[in-house]
Number of protein chains: 2
Amino acid sequence: MTWVVIAIIVSLLGFATAGYLHSWVIKQPGGGKEIEEIGSLIRQGSQAFLRREYNILAKFVAVVAVIIFLLLPEPVWSSPNIAKNLITAISYIFGSILSGLAGLLGMNIATIANVKSAVAAKKGIAPAFSVGFRGGAVMGMAVVSTSLFGASVLYFITRDANALLGFSFGASSLALFAKAGGGIFTKTADVSADLAGKVELSIPEDDPRNPAVIADNVGDNVGDVAGMGADLFDSNIASIAAAVVIGIALNKVELVFCYGALGLLSSIIGVLNARMGKDGNPGKALNMSTYITTAIFIVLTAVASLVFNFSMRIWGATMVGLIVGVIIGITSEYFTSDEKNPVRNVAKASESGPAFTIISGFSYGLISALPSLIGIGISALVAYKLCDPLGPGYAMFGISMSALGMLSIVGMIVSNDAYGPIVDNSRGLAEMTGMGEDILRITDELDSAGNTVKAVTKGFSIAAAGLTVIALLAAYQEIVQNATGEIITFDAMDPLVFFGVLVGIGIPAIFSAMLMLGVDKNAQRMIAEIHRQFNTIPGLKEGKPGVKPDYNKCIDIATVGALKELLPAGAVAIISTLVVGFVGGIQAIGGFLLGNITSGLLIALLMANAGGCWDNSKKYIEAGNFGGKGSNAHKAAVIGDTVGDPFKDTAGPSINTQITVVSLVASLAATLFIKFSIFR
Amino acid sequence: MTWVVIAIIVSLLGFATAGYLHSWVIKQPGGGKEIEEIGSLIRQGSQAFLRREYNILAKFVAVVAVIIFLLLPEPVWSSPNIAKNLITAISYIFGSILSGLAGLLGMNIATIANVKSAVAAKKGIAPAFSVGFRGGAVMGMAVVSTSLFGASVLYFITRDANALLGFSFGASSLALFAKAGGGIFTKTADVSADLAGKVELSIPEDDPRNPAVIADNVGDNVGDVAGMGADLFDSNIASIAAAVVIGIALNKVELVFCYGALGLLSSIIGVLNARMGKDGNPGKALNMSTYITTAIFIVLTAVASLVFNFSMRIWGATMVGLIVGVIIGITSEYFTSDEKNPVRNVAKASESGPAFTIISGFSYGLISALPSLIGIGISALVAYKLCDPLGPGYAMFGISMSALGMLSIVGMIVSNDAYGPIVDNSRGLAEMTGMGEDILRITDELDSAGNTVKAVTKGFSIAAAGLTVIALLAAYQEIVQNATGEIITFDAMDPLVFFGVLVGIGIPAIFSAMLMLGVDKNAQRMIAEIHRQFNTIPGLKEGKPGVKPDYNKCIDIATVGALKELLPAGAVAIISTLVVGFVGGIQAIGGFLLGNITSGLLIALLMANAGGCWDNSKKYIEAGNFGGKGSNAHKAAVIGDTVGDPFKDTAGPSINTQITVVSLVASLAATLFIKFSIFR
């Protein structure tokens, strides 16, 4: 258990780093009364939403925990060992609490760092960058330390794969709802603020007259910070769980925790050394720290493998995961960069009207999926072939390690990603408090770097989820084989498997549709409210001094709507898995997972890249091309961007979590499906 | 061979029916000089496009025929029997010629029936309906008779499954390009005419001042008549080919041709008896004749099975196919009918702007896929379980028969479907020649019935393609097993299969994207041309008597653009199959087909239903809801409809053919993949 203990120690080191960065951010100078006031509005709105969200989720978790205790891994009335049921249920609760905690911690510091970063911008871009980045890094460190700590402590105590699966399911189910809820909130506010403000009234972004402007900034925090943190927390734990489930039989659990610990260590070093170079390019600074972290991770794992005599084949499989991440990042960049053809073609098509914006952006999204799918396929293939000669079971272990390897540097990735919404908030605060053109220019530059990095991290998290769920599929097979004592295959020509595939491919579609309809309905309500305020509050439209919109009403609409819509979509995913399992049995579930995973990847890539493409086409036009701001092309591009918002920030990224949750439900309930399904 | 001979005789009867209907339509009274002139413009445009399209495709077919001769079923330099190569190549050419011929015949009569139906409308709705329907029925009879004739004659002569696969591939590859080309043509013209005419200039649909108006009508013929005919021709032959390939080993080929012959016979009876009831409801008349045909088919096959002692289990499997068709039809109707929630919600969302129209319509499209996918999955499962007790191999034969059974009534379906564009053209002719409000009202009613039926036939053709390609997957497995002498499974956990699935699900996405980008680019060119004509031809905008736009220039733009874009998308589908096969071997292709089929169905259903939903939301608003014509909601809905046009009429329906072609390529090249692939 040496490496398990080391993993616990490294995760404590991670907590210490998070604590250090946290107090560093807190110590940075605050601003005047006005900015602190608005900052506190954002903070209160974010906390209020999270409080209400967690309130609902606590009830959900409680119900599910009881069900788990009653049924898993064996029904309690026929279980040989009720303690196992209790452990699974407690692990589930443990996972959901840690997941919620990581989100809460990250969000809290983000709502402090946004003000401090805006204030620091007065001293220049480098200090502002440092505050933004270190604020994000608190989240990054919290996410990875919590997940590694939870997994290693749990394994140290229970030595039970099932407990880890329960733990992972707890984290995932919370992440599912947190992302869905946060995603609906943030895009409701964003879309409404843009349409009612920018498009209809032609007032600038983040204008304090806009009643939805605070809600928009709250959304950044609850959606992009807390939601995204929960997502990667969940992928990270799922990859550990899958590797442990497969690794136990091979006696390779030590290796799993070794690579996990080294990954966090690399991230700590990378985060502490991140700073902006003399050239003042924030994007370069973010990328550089990622490269440094990756390089440290590669060297550390290679050395550890040589010193402790781990197989270099498994090390190779781990590296393969990193390479896929790069491929998907490059693809995402090609389809969403304004220096490449897709974005420019969509901008050009916008001259002929919004229908052409939509058709072309959507088409590029469809095309963008293939290279990444091929990348994921090849990496799984290579990892498999690399590790297959080591013996039976090693091939799948190789795939799980490639997922884990990729996620090992996730501390750095989350730090980069959480940086984005923080500086986006800073920009909003600078605009709302009238800090002047110079500060706006700096915050704009920081914000733009955040957007660029976002495309890459989005690709990374899709790839990570992709490899993780392949490993989870293998874990599911392993569990079924252990339970039945038979070799199980999922033959595509078996009509039960085929049936499962057909249903499985429909689930991410319906899941994402429900989230988008949630945004759609919710935003219609909020736009009506914005219209009401502009029409009934005298002097608001004209910006009369002292006249303020009712920000809280908009925050409330976004909150209530998001909370209403967040449960059904997630429930559909979980319940459909159970229905297919209890009808079609383990074979149908095998197919179901295959269909769900592959179509989930397709739709997630489509939505992320189409959304990014529309977003940047609009920005490309705003930069003065094809008529610039206010032209017909610009109006069309704004419509494209609005369609893209729920694509890329609500539905698309939630699919990662959906496919993970479904895979975990299948693994956990596998023993039940074996016993109680209608078809066998 | 009794039933093979009977099939030949029945198909000759089908030709006779087509001939009778053809001469009946020709004998109907023609109209005045003006309508004949415009009618002949449409006819000439359609023929010119088809001539140029076939010209290109002839070269493509010639090249592929040579490749087939050189390589299939075995490379000619190592083939034990070169005659087999020759037969496969000739069958391929035969299939492509018959497919082209069926399209040509149907389109020719459609461009005559459109004028006659408009003229007949002067006498009332019933005569106009008869002309429109019988014009479509010529196509219906031609398509089914040609396919049954070709398949039975070919089997009678060669008794070789491979020849049938070659024949089917010939039909499919032609259909692929014909549908892609026709689909791009028709939507280029439709979208451009609408945007530049209806939206920008607010002139009515089919206004003769619009330079794109003739191109729009030509598009109906080359896209909806010729293209759709080629599609169902191809599905029909593929289902026969798959059933024969699987049926040979079971000695069940007789049964295949028996059901095929009885299906055509039922369609002949149904078509000849179709007429409008006293209540004057054309939609009811169309549905009624479909129900009659179906009932006759059910009775005839049941009687034949009892008399000739065919297994009733196989009969049951055949019936299952029909039921799926109904399920998918009902689903399509729910999501595209203006009396149901989805269409009304999209119409309501349009009040908040076009982004909401797009997001909600797209979401409903995503949701609509699941019921149909479940339906296809269950029917495959039931057909399998019904026939499995008959012995090894029967399960898959059952699935192939459920596809064949469904397609047996295709003669009726094609007749209904071809009716749509004919009466759509009639409406255009009535408008352009100013035949008055009464006639317009009649043609509008006929047109609207055509649109309703279209949703159902679209669902039908997707379901038919779905079951057919499942049968083709089984045929592929059969061929591989015969060639290797081993039992082959496609295990989802095999990394080669998994790799294949990942690539396979990306292909329909990229294929449909390429077609949509084709429409996008092409329509931008045509809109520019329409603007040019309105700006440079004096008196055109005002409708000065005697001033006519340059219709031919628009036809030419649509033609050139469609011809340029039609090859690459199809080539991508075919080439990717070969690449995956030569890299990953038969296992990867198994996965590739699975991924391609399932994601093809998902995307096809999404596009067909989202497109239909947008279309009818627009019509619902035009009927006076949410502000009616000219309101903001209407403008938003028009944008949705324009996005939906290439979804539902270009990309969506072409996917059917794409998945069929890919499945046939895999089966034909299977022996090559076994020998020459990099991975095994």
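Since we're looking at a predicted model, the values are computed, not measured.

How each quantity is defined
Residues numbered from 1 in each chain as written. Chains lettered and ligands numbered in written order. Predicted model: local features only at pLDDT ≥ 70, side-chain atom pairs only at ≥ 80, totals over all residues. Heavy atoms only, no water. Helix = DSSP H or I, 4+ residues; strand = E, 2+ residues; numbered from the N terminus. Rg over C-alpha atoms; globule rule 2.2 N^0.38 Å. Buried < 20%, exposed > 50% of the residue type's maximum accessible area, 1.4 Å probe, protein only. Areas by Shrake-Rupley, 256 points an atom, 1.4 Å probe, with all protein chains shown as cover. Contact = heavy atoms within 4.5 Å. Salt bridge = Lys/Arg side-chain N within 4 Å of Asp/Glu carboxyl O. Least-squares fit on C-alpha atoms with pLDDT ≥ 70 in both. Phe/Tyr/Trp six-rings, centres within 6.5 Å; stacked < 30°, edge-to-face > 60°. Lys NZ or Arg CZ within 6 Å of the ring centre and 35° of its normal. Patch = residues over 30% accessible without salt bridge, like charges linked within 9 Å, V, L, I, M, F, W, Y side chains within 5 Å. Expected span 1.5 Å × (residues − 1). Core = buried A, V, L, I, M, F, W, Y, C linked by side-chain atoms within 4.5 Å. Axes fitted to C-alpha atoms, helices over the stretch in contact; angles between N-to-C directions. Parallel < 35°, antiparallel > 145°, perpendicular 65-115°, else oblique. Left-handed = near helix turned anticlockwise from the far one by under 90°. Nonpolar A, V, L, I, M, F, W, Y, C, P; charged D, E, K, R; others polar. Disulfide = S-S within 2.5 Å. pLDDT = per-residue confidence, 0-100.

1. Topic: the overall build of chain A
Alright, step 1. The helix and strand inventory of chain A stands at 17 helices and zero strands.
Alright, step 2. For 680 residues, the compact-globule estimate of 2.2 N^0.38 gives 26 Å, and the C-alpha radius of gyration of chain A, at 24 Å, lies within 12% of that figure.
Alright, step 3. When its C-alpha atoms are laid out on the principal axes, chain A stretches across 75 × 50 × 45 Å.
Alright, step 4. For chain A, the residues scored as buried account for 69% of the 680 residues in total.
Alright, step 5. For chain A, the accessible area works out to roughly 20,500 Å², and carbon and sulfur atoms hold 63% of it.

2. Details of the interface of chain B and chain A
Alright, step 1. Contacts between the two partners involve 68 residues from chain B and, on the opposite side, 68 residues from chain A.
Alright, step 2. The tally of links from chain B across to chain A stands at zero salt bridges.
Alright, step 3. Of all elements in the fold, only α5 (161-201), α10 (341-350), α11 (354-387), α14 (437-484), α15 (495-536), α16 (551-622) and α17 (632-676) of chain B reach the threshold of two or more residues within the side of chain B that touches chain A.

3. Section: the pattern of salt bridges
Alright, step 1. All told, the structure shown has 39 salt bridges over all chains when counted by the stated rule.
Alright, step 2. Across the salt bridge formed by R427 of chain A and D444 of chain A, the nearest N and O atoms sit 2.6 Å from each other. In this pair, R427 of chain A is assigned in helix α13 (residues 410-432) and D444 of chain A in helix α14 (residues 437-484), connecting sequence segments 17 residues apart.
Alright, step 3. Taking relative accessible area as the criterion, R427 of chain A reaches 14% and is therefore assigned buried.
Alright, step 4. Judged by its relative accessible area of 34%, D444 of chain A falls in the partly exposed class.
Alright, step 5. In this structure, E565 of chain B and K521 of chain B form a salt bridge, with 3.9 Å as the shortest nitrogen-oxygen distance.

4. A closer look at the relation of the copies chain B and chain A
Alright, step 1. The transformation that overlays chain B on chain A combines an axial shift of 0.0 Å with a rotation of 180°, and the residual RMSD is 0.0 Å. Given the turn and translation reported, the copies of this chain are related as if by a two-fold rotation axis. The position closest to the rotation axis in chain B is occupied by the C-alpha of D491 of chain B, lying 2.2 Å away.

5. Let's talk about unusual backbone geometry
Residue and element names in this part refer to chain A.
Alright, step 1. Each neighbour pair has its own omega, and for L72 with P73 the value is -5°, a cis peptide bond.
Alright, step 2. As for its position among the elements, P73 is in the loop between α2 (33-71) and α3 (82-120).
Alright, step 3. Of note, the phi angle at N251 is positive, near 60°, even though the residue is not glycine.
Alright, step 4. With respect to the helices and strands, N251 occurs in the loop between α6 (213-250) and α7 (253-272).
Alright, step 5. Overall, the relative accessible area of 66% leaves N251 in the exposed class.

6. Quick word on the packing of aromatic side chains
The description of an aromatic ring pair rests on the distance of the ring centres and on the angle between the ring planes.
Alright, step 1. If you walk through the whole model with that rule in mind, you get 35 aromatic pairs over all chains.
Alright, step 2. Residues W3 of chain B and F308 of chain B carry aromatic rings whose centres are separated by 5.4 Å and whose planes lie at 85° to one another, so their mutual orientation is edge-to-face. Highlighted residues: W3 of chain B in helix α1 (residues 2-27) and F308 of chain B in the loop between α8 (282-307) and α9 (312-336), separated in sequence by 305 residues.
Alright, step 3. The class for W3 of chain B is buried, based on a relative accessible area of 10%.
Alright, step 4. Members of the aromatic cluster, connected to one another through ring pairs, are F362, W614 and F647 of chain A together with F362, W614 and F647 of chain B.
Alright, step 5. The ring centre of W24 of chain A lies 4.8 Å from the NZ or CZ of R134 of chain A, which sits over that ring.

7. Describing a nonpolar patch on the surface
Alright, step 1. Together, V299, V303, L306, V307, F308 and M312 of chain A make up an exposed nonpolar region whose accessible area comes to about 570 Å².
Alright, step 2. Per-element tally for the nonpolar patch: the top contributor is helix α8 (residues 282-307) of chain A, with four residues.

8. Describing α13 of chain A
All names here are of chain A.
Alright, step 1. For α13, which comprises 23 residues, the first-to-last C-alpha distance of 33 Å matches the rise-based estimate of 33 Å (1.5 Å per residue) to within 8%.
Alright, step 2. Of all 23 residues making up α13, 21 are buried, and the element is well covered by its neighbours.
Alright, step 3. Count one or two residues on from α13 and you reach G434, which has phi positive near 60°.

9. Some points on the environment of C613 of chain A
All names here are of chain A.
Alright, step 1. Note that C613 resides in helix α16 (residues 551-622).
Alright, step 2. Overall, C613 belongs to the buried group, its relative accessible area being 1%.
Alright, step 3. The sequence separation of C613 and K33 amounts to 580 residues, and the corresponding C-alpha distance is 39 Å.
Alright, step 4. Filtering out sequence-adjacent residues up to four positions away, C613 remains in contact with F335, T336, P342, V343 and V346.

10. Topic: the nonpolar core
Alright, step 1. F257 and F362 of chain A together with F257 and F362 of chain B are the most contacted members of the largest nonpolar core, which totals 501 residues.
Alright, step 2. If near-sequence neighbours (up to four positions away) are discounted, F362 of chain B is found in contact with F362, M516, M607 and F647 of chain A together with L606, A610, W614 and F647 of chain B.

11. Looking at the packing of helix α4 (residues 125-158) of chain A against α14 of chain A
Residues and elements named next belong to chain A.
Alright, step 1. Taken N-terminus to C-terminus, the directions of α4 and α14 make an angle of 45°; their axes are 10 Å apart at the nearest point. In terms of orientation, α4 and α14 fall into the oblique class. The handedness of the crossing between α4 and α14 comes out as right-handed. Residue-level contacts link I125, A128 and F129 of α4 to I442, E445 and L446 of α14.
Alright, step 2. Counted by class, the contact of α4 with α14 contains five nonpolar, no polar and one charged residues.

12. Regarding the state of the cysteines
Alright, step 1. Under the defined criterion, the tally for this structure stands at zero disulfides over all chains.
Alright, step 2. Between C387 of chain A, a free cysteine, and C258 of chain A, which holds the nearest cysteine sulfur, the sulfur-to-sulfur gap is 15 Å.

13. Observations concerning helix α4 (residues 125-158) of chain B
Residue and element names in this part refer to chain B.
Alright, step 1. For α4, spanning 34 residues, the distance from its first C-alpha to its last is 49 Å, which sits close to the expected 50 Å at 1.5 Å a residue.
Alright, step 2. For α4, the buried fraction is high: 28 of the 34 residues fall into the buried class.
Alright, step 3. Two residues or fewer past α4, R159 is found with a positive phi of approximately 50°.

14. Let's talk about the packing of helix α15 (residues 495-536) of chain A against α16 of chain A
Residue and element names in this part refer to chain A.
Alright, step 1. Here α15 crosses α16 at 175°, and the two axes come no closer than 7 Å. In this view, α15 runs roughly antiparallel relative to α16, as classed from their interaxial angle.
Alright, step 2. Residue composition of the contact of α15 with α16, grouped by class: 29 nonpolar, 16 polar and six charged.

15. Describing the confidence of the model for chain A
The predicted coordinates of low-pLDDT regions are not to be read in fine detail.
Alright, step 1. In this model, chain A carries a mean pLDDT of 90, and residues with pLDDT of at least 70 account for 100%.
Alright, step 2. We note a pTM of 0.93 for the whole complex and an ipTM of 0.92 for its interfaces.

16. Remarks on the side chain of S91 of chain B
Residue and element names in this part refer to chain B.
Alright, step 1. By secondary structure assignment, the location of S91 is in helix α3 (residues 82-120).
Alright, step 2. Judged by relative accessible area, which is 2%, S91 ranks as buried.
Alright, step 3. Setting aside residues up to four positions removed in sequence, S91 forms contacts with L154, A163, G166 and F167.

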